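Single-letter residue listing:
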Amino acid sequence: MEVIEQVSALRAIVAALRCGGKRIGFVPTMGALHEGHLQLLRASARENDITICSVFVNPTQFNNASDYKLYPRTLEQDTRLLQTVGCDYLFAPSAEEIYPQQSVLQFSFGALEAVMEGEHRPGHFNGVATVVSKLFHIVQPHRAYFGQKDLQQVAIVRQLVQGLSFDLELVCFPTVREADGLAMSSRNKRLSEAQRQLAPQLYLALQTAAANLHQKPINAIKSEVAQQLQQEEEIKLEYFEIVDSLTLQPLQDVSGHDEVALCIAAFVGEVRLIDNLLVNLKEI
Ligand code: AMP
């Protein structure tokens, strides 16, 4: 595996690969890699001739300076892991390499960014759309791999790909969890041992809510989730929403919807975690 830090170097490699008819799979990440990332990389290695992974902690998508500063950075370990999953190129640029000038681009995603992560993290999806657009232009992948863990991000990127006519296929993989249900996340590394024990409560709350979807009105389910989590002093719920799985718009009533997504964001101590469950209402 080759490690590349310069945009110009990667552009030259990509040009030669495409010229040689190679199909390129791309997995954009912020590093501190775990099994959630690795499943995407394995899939890319299986389904494409060449796999490129980017590790870039993108400053423009952080609306909180300390979250950016404290985000885990483990490039050496990431490099070793990437060598085990068939990755051909690791692109690990500096912030200056990606943003030689401050970006002033503004994206708008309408209703899609007015809710949940978009509502609670102002500017977040603008930063995501900016960096994903830059990376897609540099890497020019045939396929790009994303995780359902960041459900709203997938919807935003899908709209970006359609809106800007990127010539690539988006591939989405389910959330990988720890044995106790906690969704794997690079931020889990920042949890204390006690907080780590509490963190699966988020997934438990999603499961309880899902089991009640046919039994109780949405408002009752939402207040039960809030009450359940309030019992833990270290957990501060930011939002819990039941939304249409495609539009991601919050629902007052699930009737008439085939599939809904249950989405949660909460602080466990100082660490902000998100999770979601897709529920097919015909199957429960
Ligand atoms: P990140 O490094 O957090 O920006 O994530 C890079 C990619 O990996 C994104 O598409 C995420 O949705 C995906 N991802 C992160 N955690 C998981 C997980 N636990 N399961 C599946 N995909 C994940």
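- The name given to the protein chain in an unreviewed UniProt entry is Pantothenate synthetase, with Pontibacter indicus as the source organism.
- The UniProt entry for the protein chain carries the following comment under Subunit (unreviewed entry): "Homodimer."
- Its UniProt record gives the protein chain the following Sequence similarities (unreviewed entry) comment, quoted word for word: "Belongs to the pantothenate synthetase family."

## Digging into helix α11 (residues 218–230)
Step number 1: For α11, built from 13 residues, the straight-helix expectation of 18 Å at 1.5 Å per residue is met to within 8% by its first-to-last C-alpha distance of 18 Å.
Step number 2: Inspection of α11 places I218, I221, V225 and L229 among the buried residues, and these make up the whole buried set. Viewed along the axis of α11, the buried residues span an arc of 60°, placing them on a single side of the element. Facing away from the buried side of α11 by more than 90 degrees, the exposed set consists of N219 and Q230.

## Brief notes about the pattern of salt bridges
Step number 1: Applying the stated rule across the entire model yields twelve salt bridges.
Step number 2: A salt bridge links R42 to E35; the nearest nitrogen and oxygen atoms lie 2.6 Å apart.
Step number 3: Take R42: its relative accessible area is 34%, and that puts it in the partly exposed class.
Step number 4: What makes E35 partly exposed here is its relative accessible area of 31%.
Step number 5: For the salt bridge of E241 with K222, the shortest nitrogen-to-oxygen distance reads 2.9 Å. Placement of E241 in strand β7 (residues 235–244) and of K222 in helix α11 is noted, with a sequence separation of 19 residues between them.
Step number 6: Residue E241 is classed as buried on the basis of its relative accessible area, which comes to 18%.
Step number 7: Assessed through its relative accessible area of 26%, K222 is described here as partly exposed.
Step number 8: One network of salt bridges, with partners in common, ties together D67, R121, R187 and R190.

## Side note on the UniProt feature "binding site: (R)-pantoate" (unreviewed entry) in the protein chain
Step number 1: Here the UniProt feature "binding site: (R)-pantoate" (unreviewed entry) sits at Q61 and Q153. On the basis of their most widely separated C-alpha atoms, the annotated residues across 93 residues gather in one place, lying no more than 11.4 Å apart.
Step number 2: Tracing the sequence through the fold places Q61 in the loop between β3 (50–55) and α3 (65–70).
Step number 3: Among all residues touching Q61, those that are not within four sequence positions of it are M30, R121, H124, G127, V128 and V131.
Step number 4: Of the polar contacts made by the side chain of Q61, one reaches the side chain of N58; its length is 3.0 Å.
Step number 5: Given a relative accessible area of 18%, Q153 falls into the buried group.
Step number 6: For Q153, the residues in contact, after removing those within four places along its chain, are F125, V128 and F146.

## Describing empty space enclosed by the protein
Step number 1: Inspection of the entire model under this criterion finds two cavities of 30 Å³ or more.
Step number 2: For the largest cavity, the calculated volume is near 50 Å³.
Step number 3: Per element, the largest residue contribution to the lining of the largest cavity is three residues, and it comes from strand β9 (residues 271–280).
Step number 4: Of the residues that constitute the lining of the largest cavity, the class distribution is seven nonpolar, two polar and two charged.
Step number 5: Considering only enclosed or pocket space, the second largest cavity measures out at about 30 Å³ in volume.
Step number 6: Among the secondary structure elements, those contributing two or more residues to the lining of the second largest cavity are α10 (201–211) and α11.
Step number 7: Split by residue class, the lining of the second largest cavity holds four nonpolar, three polar and one charged.

Cut-offs applied
- Residues numbered from 1 in each chain as written.
- Predicted model: local features only at pLDDT ≥ 70, side-chain atom pairs only at ≥ 80, totals over all residues.
- Heavy atoms only, no water.
- UniProt positions renumbered as here; feature names shortened; annotations may be inferred.
- Helix = DSSP H or I, 4+ residues; strand = E, 2+ residues; numbered from the N terminus.
- Expected span 1.5 Å × (residues − 1).
- Buried < 20%, exposed > 50% of the residue type's maximum accessible area, 1.4 Å probe, protein only.
- Arc of directions from axis to C-beta.
- Salt bridge = Lys/Arg side-chain N within 4 Å of Asp/Glu carboxyl O.
- Contact = heavy atoms within 4.5 Å.
- Polar contact = N/O pair within 3.5 Å; in protein donor to acceptor, adjacent residues only side chain to side chain.
- 1 Å grid on protein atoms, 1.4 Å probe; cavity = no way out; pocket = protein on both sides within 12 Å on 5 of 7 lines; lining within 4 Å.
- Points joined across faces, edges and corners; volume = space filled by probe spheres on them.
- Nonpolar A, V, L, I, M, F, W, Y, C, P; charged D, E, K, R; others polar.

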